[in-house]
Amino acid sequence: MSIVTPGFRGRAREGNPRVPPGQYLVEDFPVLSAGPTPRVRTDSWQFTVTTETGAAHRWSWAELMALPSEKPRVDIHCVTQWSKLDTRWRGVSLDTLLEGVETEADYVLVHSYGGYTTNLPLADLVDGQAWVAYQFGGAELTPEHGGPARLLVPHLYFWKSAKWVRGLELKLKDEPGFWENLGYHDYGDPWREQRYQGD
Ligand SMILES: Nc1nc2c(c(=O)[nH]1)N[C@H]1C(S)=C(S)[C@@H](COP(=O)(O)O)O[C@H]1N2
Ligand SMILES: [Mo]
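Residues numbered from 1 in each chain as written. Chains lettered and ligands numbered in written order. Predicted model: local features only at pLDDT ≥ 70, side-chain atom pairs only at ≥ 80, totals over all residues. Heavy atoms only, no water.

**Here's the deal with the packing of aromatic side chains**
Next, step 1: The full count for this structure, using the stated rule, is 15 aromatic pairs.
Next, step 2: Where Phe29 meets Phe136, the ring centres are 4.7 Å apart and the plane angle is 45°; that geometry is what we call tilted. Taken together, the residues Phe29 in the loop between strand E3 (24–25) and strand E4 (46–50) and Phe136 in strand E10 (residues 131–136) connect sequence positions 107 residues apart. (Phe/Tyr/Trp six-rings, centres within 6.5 Å; stacked < 30°, edge-to-face > 60°. Helix = DSSP H or I, 4+ residues; strand = E, 2+ residues; numbered from the N terminus.)

**Brief notes about the nonpolar core**
General note: in soluble globular proteins, nonpolar side chains tend to be found buried as a group.
Next, step 1: In this structure, Phe47, Leu94, Leu125 and Leu168 are the most contacted members of the largest nonpolar core, which totals 34 residues.
Next, step 2: Among the elements of the structure, E4, helix H1 (61–66), helix H2 (94–98), strand E8 (107–112), E10 and strand E13 (165–171) are those that each provide at least two residues to this core.
Next, step 3: If near-sequence neighbours (up to four positions away) are discounted, Leu94 is found in contact with Leu125, Ala130, Trp131, Val132, Leu151 and Leu168.
Next, step 4: Formed by 12 residues, the second largest nonpolar core is a distinct cluster that contains Val26, Trp131, Ala133 and Leu141. (Core = buried A, V, L, I, M, F, W, Y, C linked by side-chain atoms within 4.5 Å. Buried < 20%, exposed > 50% of the residue type's maximum accessible area, 1.4 Å probe, protein only. Contact = heavy atoms within 4.5 Å.)

**Some words on the confidence of the model for the protein**
Next, step 1: Confidence in the prediction of the protein, expressed as mean pLDDT, is 94, and 93% of residues score 70 or more.
Next, step 2: Per-element mean pLDDT across the protein ranges from 46 in strand E1 (residues 3–5) up to 99 in strand E12 (residues 150–152).
Next, step 3: pLDDT under 50 marks residues 1–7. Its contacts with residues more than four places away, or in other chains, come to 11 contacts. (pLDDT = per-residue confidence, 0-100.)

**Quick look at the site of ligand 1**
Next, step 1: In the vicinity of ligand 1 lie 20 residues, with Pro30, Ala34, His145, Arg150 and Lys163 positioned nearest.
Next, step 2: In the complex, 97% of the free accessible area of ligand 1, which totals 530 Å², lies under the protein chains.
Next, step 3: Classifying every residue of the shell around ligand 1 by side-chain character gives 13 nonpolar, 4 polar and 3 charged. (Near = heavy atom within 4 Å. Areas by Shrake-Rupley, 256 points an atom, 1.4 Å probe, with all protein chains shown as cover. Nonpolar A, V, L, I, M, F, W, Y, C, P; charged D, E, K, R; others polar.)

**Section: the environment of Ala130**
Next, step 1: Examined against the element boundaries, Ala130 turns out to sit in the loop between strand E9 (117–121) and E10.
Next, step 2: Among the residues examined, Ala130 registers a relative accessible area of 0% and is labelled buried.
Next, step 3: Setting aside residues no more than four positions away along its own chain, Ala130 makes contact with Val92, Ser93, Leu94, Asp124, Leu125, Leu152 and Val153.

**Some thoughts on the pairing of E10**
Next, step 1: Summarising the sheet, strand E7 (residues 82–93) and E10 pair through 5 bridges and their orientation is antiparallel. From the neighbouring strand, Gly91 faces E10, where its bridge partner is Ala133.
Next, step 2: Direction of pairing for E10 relative to strand E11 (residues 139–140): antiparallel, over a ladder of 2 bridges. Bridge pairing in E11 places Phe136 opposite Ala139.
Next, step 3: Hairpin remark: E10 followed by E11, antiparallel, with 2 residues in the connecting loop; positive phi at Gly137, about 55°. (Pairing = 2+ DSSP bridges.)

Shown next, in the form of structure tokens:
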């Protein structure tokens, strides 16, 4: 057992093929937030998808709740080296939200309440790879984990899963988000250990 990052100890990878290189398993659910936790009320919550032409598609909380939901059970991988297996969520697939959205854009800048941003290719949000999640482990998502709703993109490092998500900006050109501007990898594939720029 080795000490990994201050603040948590994990079980070593032990050859588990579900754990990416350089990662350690945790049983608890660490909280990682770059700033204070915004308190977002569901009665004022909105989710907005803006396209490259400026067209805006908006959902209220009630409208989000009325959409068909899915219950993904996924492994998550934080760049600070913890991985957590079989996390259970409930949320709306981005395929559902993007269904009526016409765009030529290849990139997305994700925006959160509180000002956090992160970027990823639009291709990584579709085809059953991403959700706007509002439940974790059978209970409503707590504020420190991104409630009322967060993005869930489990195949990329977890910083791409923006907490307190409030919208997607569809873009013709890639633009770095908060951590990407500070030297983290533009894409962040845990299986290729893309932690920092140049990895
Ligand atoms: N809005 C927002 N989203 C965020 C972050 C943040 O600081 N602000 N941190 C990211 C990072 S680095 C990680 S590892 C995960 C942590 O989610 P958790 O606190 O639920 O474990 O959220 C990601 N999404
Ligand atoms: Mo992270």
